[in-house]
Amino acid sequence: MRYLLLAAAACLLPAGTPGADPREIVRKSIELDHVNWVRMEDYTWTARETTRHLDSAGKTASVDTDEWETVILFGRPYRREIARDGKLLDAEHQRKEQEKIDRATARLERESPEERARHLADYEKEREKDREFLREIPDAFDFQLVGEEPIEGREAWVIHASPKPGYRAKHSDAKAFSKIEGRIWIDQVEYQWVRVAAKTLATISWGWFLARLNPGATVEFEQTRVNDQVWLPKRELLGGSGRLAALKRISEQQEILWTNYRKFQVDSKIISTQ
């Protein structure tokens, strides 16, 4: 469910200039993700995920939390868990998490320049493959400017996105576009998206119908400007219900908060700060 809702958010990322062709605005915006990713390689950050499992009445039945730090090692992201269910990991688990980072760093340091270049190329190729379906967005949606709104002291355009009637998806992952609509807020100075709010309009199935996402599932996604240099994730809120393997009913709400962005370049062993 989370992957599909994130795809809904990713498909609604416009940028450009007022009065420009909406289709071209969206087409240009798809490349912004790559620009931010390149700049993100100089940063490390902390993220906290809270998952609320809901009962049949929509009330919280249980809550899981997980907190981790992400670092970029030689161009690739690695996570180190630091807390679970509101408690810092005990000394043994901290040691194991640090050892995973140390092993990864040591392995990457042993790579030859040729091996590193090849692995980075493979990583970027796989990432580009994951984004391939986004290129259908300009043809899959109709976009309309509906107003302006200040967000965190910065003026933003508000754009509504709705499925284009009769559109036939070429990529399998793009088939869900016909069942998603949303609204986006775009910074008027830098043309970066500040907030996305989207929802599903009909049941979406994937994985040979092994999973189904019900209508009304929602996603909110926010970004913030860091160091006057790059726009990075701030908050993500996903909510909805569905079924797994046609039997297990799921209903949950997930929230991720990204904090403590800091410039950090690594070319040697990372030392734990715990």
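Rules behind the numbers
Along each chain, numbering runs from 1 in the same order as the chain's sequence is written. Note on the predicted model: pLDDT of at least 70 is required for a residue's local features to be given, and 80 or more for side-chain atom pairs to be given and counted; whole-chain, interface and lining totals, by contrast, use all residues. Heavy atoms throughout the structure, all of them, feed into the side-chain values; hydrogens and water do not. In DSSP terms, a helix is any run of H or I states spanning at least four residues, a strand is any run of E spanning at least two, and both are numbered starting from the N terminus. Think of it in three bands: with a 1.4 Å probe and only protein chains considered, a residue is buried below 20% of the maximum accessible area for its type, exposed above 50%, and partly exposed in between. To estimate the expected span of a helix, count its residues, drop one, and scale the result by 1.5 Å. When we speak of the arc, we mean the arc of directions from the helix axis to the C-beta atoms. In what follows, residue pairs with any heavy atoms lying within 4.5 Å of each other are defined as contacts. A side-chain nitrogen of Lys or Arg and a carboxyl oxygen of Asp or Glu constitute a salt bridge if their distance falls within 4 Å. Pairing between two strands is assigned when DSSP locates at least 2 bridges connecting them. The quantity known as pLDDT measures the predictor's confidence residue by residue, on a range of 0 to 100. Any N or O atom pair separated by 3.5 Å or less is treated as a polar contact, with the protein-specific requirement of one donor-capable and one acceptor-capable atom, and with residues adjacent in sequence counted only for side-chain atom pairs. The aromatic pairing rule takes the rings of Phe, Tyr and Trp, using the six-membered ring of Trp, and pairs them if the centres are within 6.5 Å, calling planes under 30 degrees apart stacked, those over 60 edge-to-face and the rest tilted.

**Focus on unusual backbone geometry**
Positive phi outside glycine occurs at glutamate 152, with the angle close to 50°. Here glutamate 152 is to be found in the loop between strand 5 (141-151) and strand 6 (154-163). The class of glutamate 152 is exposed, set by a relative accessible area of 55%. Positive phi, close to 50°, is recorded for aspartate 228, a residue that is not glycine. Looking at the secondary structure, you find aspartate 228 in the loop between strand 11 (218-226) and strand 12 (230-244). With relative accessibility at 64%, the residue aspartate 228 sits in the exposed group.

**Describing helix 4 (residues 91-109)**
The end-to-end C-alpha distance of helix 4 is 27 Å, a good match for the 27 Å that 19 residues give at a rise of 1.5 Å each. Looking only at helix 4, the buried set comprises Glu97, Gln98, Ile101, Asp102, Ala104, Thr105 and Leu108. The buried residues of helix 4 occupy an angular sector of 160° when projected down its axis, which confines them to one face. Of the surrounding elements, those touching the buried residues of helix 4 are strand 2 (60-73), strand 3 (76-84) and helix 5 (113-131).

**Remarks on the pattern of salt bridges**
If you walk through the whole model with that rule in mind, you get 18 salt bridges. Of the charged contacts in the structure, one is a salt bridge between glutamate 152 and lysine 234, with a shortest N-O distance of 2.3 Å. A residue pair is termed long-range when its members are at least 10 positions apart, and glutamate 152 in the loop between strand 5 and strand 6 and lysine 234 in strand 12 qualify at 82 residues. Here glutamate 222 and arginine 235 are joined by a salt bridge, their closest N and O atoms 3.4 Å apart. Residue glutamate 222 is found in strand 11, and its partner arginine 235 is found in strand 12; the two are separated by 13 residues along the sequence. By relative accessible area, glutamate 222 is classed as buried at 18%.

**Focus: the pairing of strand 1 (residues 43-54)**
Bridge analysis of strand 1 against strand 2 gives ten bridges, and the strand direction is antiparallel. Residue pairing for strand 2: glutamate 49 is matched across the bridge by aspartate 66. Taking the residues that link successive antiparallel strands as the turn, the strand 1-strand 2 hairpin has five residues, and the phi of glycine 58 there is positive, at about 85°.

**Brief notes about the environment of methionine 40**
With respect to the element layout, methionine 40 can be found in helix 3 (residues 32-40). Taking the relative accessible area as the measure of exposure, methionine 40 reaches 9% and is therefore buried. Measuring from C-alpha to C-alpha, the distance between methionine 40 and valine 226 comes to 9.9 Å, with 186 residues separating the pair along the chain. Apart from residues lying up to four places away in sequence, methionine 40 is in contact with Trp45, Ile72, Leu232, Pro233 and Tyr261.

**Things to note about the confidence of the model for the chain**
With 83% of its residues at a pLDDT of 70 or more, the chain shows a mean pLDDT of 81. In the model of the chain, helix 1 (residues 2-10) stands out as the element of lowest mean pLDDT, 43, in contrast to strand 4 (residues 87-88), which has the highest, 94. Segment residues 266-274: pLDDT under 50, and 21 contacts once partners within four positions in sequence are set aside and those in other chains are kept.

**Thoughts on the side chain of glutamate 111**
Among the secondary structure elements, glutamate 111 is positioned in the loop between helix 4 and helix 5. For glutamate 111, a relative accessible area of 11% gives the class buried. Of note is the side chain of glutamate 111, whose polar atom sits 3.1 Å from the side chain of arginine 76. If sequence neighbours within four positions are ignored, glutamate 111 has contacts with Arg76, Arg116 and His119.

**Considering the packing of aromatic side chains**
On inspection of all chains with the given rule, the structure shows six aromatic pairs. When the centroid spacing of 6.1 Å and the interplanar angle of 45° are considered together, the rings of phenylalanine 141 and phenylalanine 143 count as tilted. Taking the relative accessible area as the measure of exposure, phenylalanine 143 reaches 14% and is therefore buried. When the centroid spacing of 4.9 Å and the interplanar angle of 35° are considered together, the rings of tryptophan 193 and phenylalanine 221 count as tilted. Here tryptophan 193 is found in strand 8 (residues 193-200), whereas its partner phenylalanine 221 is found in strand 11, with 28 residues between them in sequence.

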